[in-house]
Amino acid sequence: MARNPRYDILFDPVRIGPVTARNRFYAVPHASGMTNAMPRMRAAFREGKAEGGWGVVCTGYVSIDPGSDDAPLPYATLWDDDDVRSHALMTEAVHRHGALAGIELWHGGGCVMNRLSRTPSVSPSGTAWMPTHVSYIGNQRPRVMQHEDIRDVLEAQKHAARRARSAGFDILYVYAGMGYLPYEFLLPEWNHRTDAYGGCLANRVRFVRELLEVTHEAAGGQCAVALRISLEELRARPSEHAASEAHEVVQRLADLPDLWDVKMDSETSDCAPSRFAPEGSHEPVIAFVKSLTHKPVVGVGRFTSPDAMVGQIRRGVLDLIGAARPSIADPFLPRKIDEGREEDIRECIGCNICISSWHDGVPVRCTQNPTIGEEWRRQWHPERVPPAPHGGTTVLVVGGGPAGLECALTLGRRGYEVTLAEAADELGGRLRFETRLPGLAAWSRVLDWRRSQLQRLANVSVYRGNRLGADDICELQPAHVVLATGSRWMPLLYSPLEVPAGTLDSPDVYTPDDVAAGVALEDPVVVFDFDNYYMGSAVAEHLARSGRIVRYVTPSGYVSAWAVMTNEQPQTYRALSAAGVELHTLSRVESFSSSELTLVNTFTSARTRLACRSLVIVGARLPNDALYHMLTAKHEERTAAGIVSVTRVGDALAPGAIAHAVYGGHRYARELETGDSGRIVRRDVPLRSMSAPETARHA
Ligand code: ADP
Ligand code: SF4
């Protein structure tokens, strides 16, 4: 199909200093969880984006010097020639598809703990970054930088930029964002210096200016130099010389970088989940930048709609459409727009599971795109699947939730004859309820995309309102049966040993499944959450917004404790507070009688009482696997029906996040009759060229 001329502007080439991007699609630097220990996986992951049409593809953060290590978080390094070779795998891969390669050169300053090198980290005035925040907590403060230290970092940046150039990068970054060293110089809270690098903004900006100068020097007119900068805090600060300190910084540096890459300051505002921030949420902070520089500006906003992208350019907000998450959810997004296939775009849902993988220190995962991070290791291409052998046998998929939908779609794309049976009148499984919770409407993209793709496959038949039993399945005589029958919430309590155990003898105890079914609850309602992800807080907010008096209780120290991994904890607190939900952390429900709960403190065992008429327990889920056990018990009937295999996928196998269900469904479908059975096909290793004596010394 031809491209819609309305989107032509997105395919204009853009000059960035001495290099030219073939279009305006810019895959910005973002953590991939793939360090230099996984160079082939990393290269293939970024190659996918270049193949998918992004004009520029960047690395994640790359340390310029061993004085900045973020261990145990997965950061990359560019410290020596081995690192050059490691990154060259990526630049070669990206160039093969006509894209430019950018590298985010990084020094963490007081944000890192240097746990690996065991040398104190450095910062302008010895101030740590968010020292009480769980990701940055540590017990050694940074040391104050002397003039020699400033010179050393400038040298390190210059050498790293030279190495980046020899690794084949086209765009070299100075990174002054998110609490890292150059950012710390910009803000007076971290910069109390009285020398030429502190005090007035002209002085505070000096270090960033010098970093840009040494990077230009190393680039030698061959590579572009980009400045990535966080502007949220600066924008909130008045300036004597401009509309804000952010304006003043941009004015002072105006055309020194070849590209401005502008963003927010903290993870929670920069990569805000869709639950709390809409597409394009950065615009009010960064929209002014273009008016103060002649150089191109790139920014992000979880853009997946080409119309929104065109709007950003036509309204003069951005020159290049930056994307991290949308490029993960669909590495082929630009190509699909180019080919007039907008409806094929697998839109990011803004759940931030990808970010949780970085916090976990592992290669990136995605709810929408199960192939991400698996391009090299399992040889999973985001757009191509291996054809089914023997023309494709018949497969029955039972359950139309995320796992069943993804499984049926991938099997259908491979050429199998697929029947998808869903008990409910609508597809979607857990999404039917969860997308009705406050802020989670965008998650319906998981269902919408798969449903629309399935409609185009003549070899997939979808039956709604069909609850299948074991006999029905045998009657249908499929070669393979996939049970994607989901899970159910259990009204179990939480024992002092921190395991789900024990029940309450009261009719007023419910689970999210009851709330989904529309049960009438009586005030006050208590939501007891030991699931720890979004469900407890989302149900509490939902009930409070529907007029209930709600109290939230959790044995954890934090509301939605795991949601720290997805950057949504601060906003969760704000949302619950705005909805009037009363919070009780470090508390476990022990008993429930006479309209009253007894709570036990997690650490002290002290008991308190809390008024409650309806208790909603958001704790453990159990797989819906009765059908599986019935079918496997019917050995003779199955054999007579010609059923070769019966397999559980998704929550029916192991209850988890939607990302787990999609991945499980995909893996089954991808691997059916290929001989792969879930094992990791290839194992990546670092590129090292240690000399023999060195090897011996370290052995
Ligand atoms: P997952 O996240 O693993 O996809 P879900 O709970 O979202 O699991 O979806 C499971 C789906 O399976 C639900 O829509 C449910 O109605 C459906 N289902 C469960 N048992 C049967 C059955 N016996 N026949 C058909 N559909 C079923
Ligand atoms: Fe988007 Fe979620 Fe995928 Fe991240 S994990 S790219 S937020 S869909």
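Reading the values: rules and limits
- Residues numbered from 1 in each chain as written.
- Chains lettered and ligands numbered in written order.
- Predicted model: local features only at pLDDT ≥ 70, side-chain atom pairs only at ≥ 80, totals over all residues.
- Heavy atoms only, no water.
- Helix = DSSP H or I, 4+ residues; strand = E, 2+ residues; numbered from the N terminus.
- Buried < 20%, exposed > 50% of the residue type's maximum accessible area, 1.4 Å probe, protein only.
- Polar contact = N/O pair within 3.5 Å; in protein donor to acceptor, adjacent residues only side chain to side chain.
- Contact = heavy atoms within 4.5 Å.
- Near = heavy atom within 4 Å.
- Areas by Shrake-Rupley, 256 points an atom, 1.4 Å probe, with all protein chains shown as cover.
- Nonpolar A, V, L, I, M, F, W, Y, C, P; charged D, E, K, R; others polar.
- 1 Å grid on protein atoms, 1.4 Å probe; cavity = no way out; pocket = protein on both sides within 12 Å on 5 of 7 lines; lining within 4 Å.
- Sits in = over half its atoms within 2 Å of the grid points.
- Domains from an automatic or database assignment.
- Buried area = accessible area lost by both parts, 1.4 Å probe.
- Salt bridge = Lys/Arg side-chain N within 4 Å of Asp/Glu carboxyl O.
- Pairing = 2+ DSSP bridges.
- Phe/Tyr/Trp six-rings, centres within 6.5 Å; stacked < 30°, edge-to-face > 60°.
- Axes fitted to C-alpha atoms, helices over the stretch in contact; angles between N-to-C directions.
- Points joined across faces, edges and corners; volume = space filled by probe spheres on them.
- Parallel < 35°, antiparallel > 145°, perpendicular 65-115°, else oblique.
- Left-handed = near helix turned anticlockwise from the far one by under 90°.

1. Describing the side chain of Thr-59
- Examined against the element boundaries, Thr-59 turns out to sit in strand β4 (residues 56-63).
- The exposure class assigned to Thr-59 is buried, which follows from its relative accessible area of 1%.
- Within the structure, the side chain of Thr-59 is placed 3.0 Å from the backbone nitrogen of Glu-104, a separation counted as a polar contact.
- If we ignore the near neighbours within four places in the chain, the residues touching Thr-59 are Pro-29, His-30, Arg-46, His-87, Met-90, Gly-102, Ile-103, Glu-104 and Phe-169.

2. What about the site of ligand 1?
- Close to ligand 1 lie 22 residues, the nearest being Ala-403, Glu-422, Arg-430, Leu-468 and Asp-651.
- In this structure, an oxygen atom belonging to ligand 1 sits 2.8 Å away from a main-chain N or O atom of Ala-403.
- In the model, a nitrogen atom of ligand 1 is placed 2.9 Å from a nitrogen or oxygen of the Leu-468 main chain.
- The fraction of the free accessible surface of ligand 1 (580 Å²) that becomes covered by protein chains is 91%.
- When its residues are assigned to classes, the shell around ligand 1 shows 9 nonpolar, 8 polar and 5 charged.

3. Overview of the environment of Arg-683
- Its place among the elements puts Arg-683 in the loop between α24 (658-671) and α25 (692-698).
- When the C-alpha positions of Arg-683 and Arg-378 are compared, they lie 9.3 Å apart, and in sequence the two are 305 residues distant.

4. A few points about the site of ligand 2
- Around ligand 2, the structure places 14 residues, and the nearest of them are Cys-348, Cys-351, Asn-352, Cys-354 and Cys-366.
- Of the pockets mapped on this structure, ligand 2 occupies the largest cavity.
- Of all the secondary-structure elements, those providing two or more residues to the shell around ligand 2 are α12 (325-329) and α14 (353-360).

5. Quick look at the domain arrangement of the protein
- Domain annotation for the protein reports domain 1 (5-360), domain 2 (394-486 + 624-671) and domain 3 (491-622).
- Inter-centroid distance (C-alpha atoms) of domain 2 to domain 3 is 31 Å.
- Summing both sides of the interface, domain 2 and domain 3 together bury roughly 1,000 Å²; the carbon and sulfur share of this comes to 65%.
- The largest contributions to the domain 2 side of the interface with domain 3 come from Phe-433, Leu-437 and Pro-438, which together make up 45% of the buried area.
- Taken together, the links from domain 2 to domain 3 amount to 1 salt bridge.
- The residue Arg-621 makes a salt bridge to Asp-651 at a minimum N-O spacing of 3.5 Å.
- Looking at the side of domain 2 that touches domain 3, its residues break down into 8 nonpolar, 2 polar and 4 charged.

6. Quick look at the pairing of strand β17 (residues 480-483)
- Residues His-480 and Val-482 of β17 are buried on one face, and the alternating residues Val-481 and Leu-483, pointing to the opposite face, are buried as well.
- For strand β14 (residues 394-398) and β17, the ladder comprises 4 bridges, and the chain directions are parallel. Bridge pairing in β17 places Val-395 opposite His-480.
- Of the strand pairs in this sheet, β17 and strand β28 (residues 645-648) are connected by 4 bridges, and their pairing is parallel.

7. Some details on the packing of aromatic side chains
- Applying the stated criterion across every chain, the model contains 18 aromatic pairs.
- Their ring planes at 85 degrees and their centres at 4.8 Å tell us that Tyr-533 and Trp-562 sit as a pair that is edge-to-face. Note that Tyr-533 is positioned in the loop between β20 (525-529) and α20 (534-545) and Trp-562 in the loop between β21 (550-553) and α21 (569-578), a separation of 29 residues in sequence.
- Trp-562 gets classed as partly exposed once you look at its relative accessible area, which sits at 30%.
- Three or more aromatic residues link up through ring pairs in this structure, and these residues are Tyr-61, Tyr-75, Trp-106, Tyr-175, Tyr-180 and Trp-358.

8. Re the sheet that holds strand β23 (residues 587-593)
- What the 3 strands build is an open sheet, ordered β23-β24-β25; its pairing is antiparallel. Since the sheet does not close on itself, it has two edges, and those belong to β23 and β25 (607-611), each with one partner. For this sheet, the mean inter-axis angle between neighbouring strands, taken without regard to orientation, is 30 degrees.
- Where β23 meets strand β24 (residues 596-601), 6 bridges bridge the pair, whose relative direction is antiparallel. Among the inter-strand pairings, Ser-591 is bridged to a residue of β24, identified as Thr-598.

9. Describing empty space enclosed by the protein
- In the structure shown here, the tally under the stated rule is 6 cavities of 30 Å³ or more.
- Space inside the largest cavity adds up to approximately 90 Å³.
- Surrounding the largest cavity, 13 residues form its lining, Cys-348, Ile-349, Gly-350, Cys-351 and Cys-366 being those nearest its centre.
- Mapped by element, the contributors of at least two residues to the lining of the largest cavity are α12 and α14.
- Class assignment for the residues of the lining of the largest cavity results in 8 nonpolar, 4 polar and 1 charged.

10. Some remarks on the pairing of strand β6 (residues 100-106)
- Within β6, 7 of the 7 residues are buried, leaving the element largely enclosed by the surrounding structure.
- Going residue by residue along β6, you find Leu-100, Gly-102, Glu-104 and Trp-106 tucked away on one face and Ala-101, Ile-103 and Leu-105 tucked away on the opposite face as well.
- Pairing of β4 with β6, which is carried by 6 bridges, proceeds in the parallel orientation. Among the inter-strand pairings, Cys-58 is bridged to a residue of β6, identified as Gly-102.

11. A short note on the packing of helix α1 (residues 39-51) against helix α2 (residues 81-95)
- Relative orientation of the contacting elements α1 and α2 amounts to 20 degrees, with a least axis distance of 8 Å. As summarised for this structure, α1 and α2 are arranged roughly parallel, according to the angle between their axes. Of the two possible hands of crossing, α1 and α2 adopt the one that is right-handed. Listed contacts from α2 to Pro-39, Arg-40, Arg-42, Ala-43, Arg-46, Glu-47 and Ala-50 of α1 are Ser-86, His-87, Leu-89, Met-90, Ala-93 and Val-94.

12. Thoughts on the pattern of salt bridges
- For the coordinates displayed, the defined rule picks out 48 salt bridges.
- Between Arg-40 and Asp-684 there is a salt bridge whose closest N-O contact spans 2.7 Å. Of this pair, Arg-40 sits in helix α1 while Asp-684 sits in the loop between α24 and α25, and the two are 644 residues apart along the sequence.
- Judged by its relative accessible area of 27%, Arg-40 is partly exposed.
- Overall, Asp-684 belongs to the buried group, its relative accessible area being 12%.
- The residue Glu-582 makes a salt bridge to Arg-551 at a minimum N-O spacing of 3.8 Å. Taken together, the residues Glu-582 in strand β22 (residues 582-584) and Arg-551 in strand β21 connect sequence positions 31 residues apart.
- Connected through salt bridges with shared partners, the residues Glu-339, Arg-341, Glu-343, Asp-344 and Arg-456 form a single ionic network.

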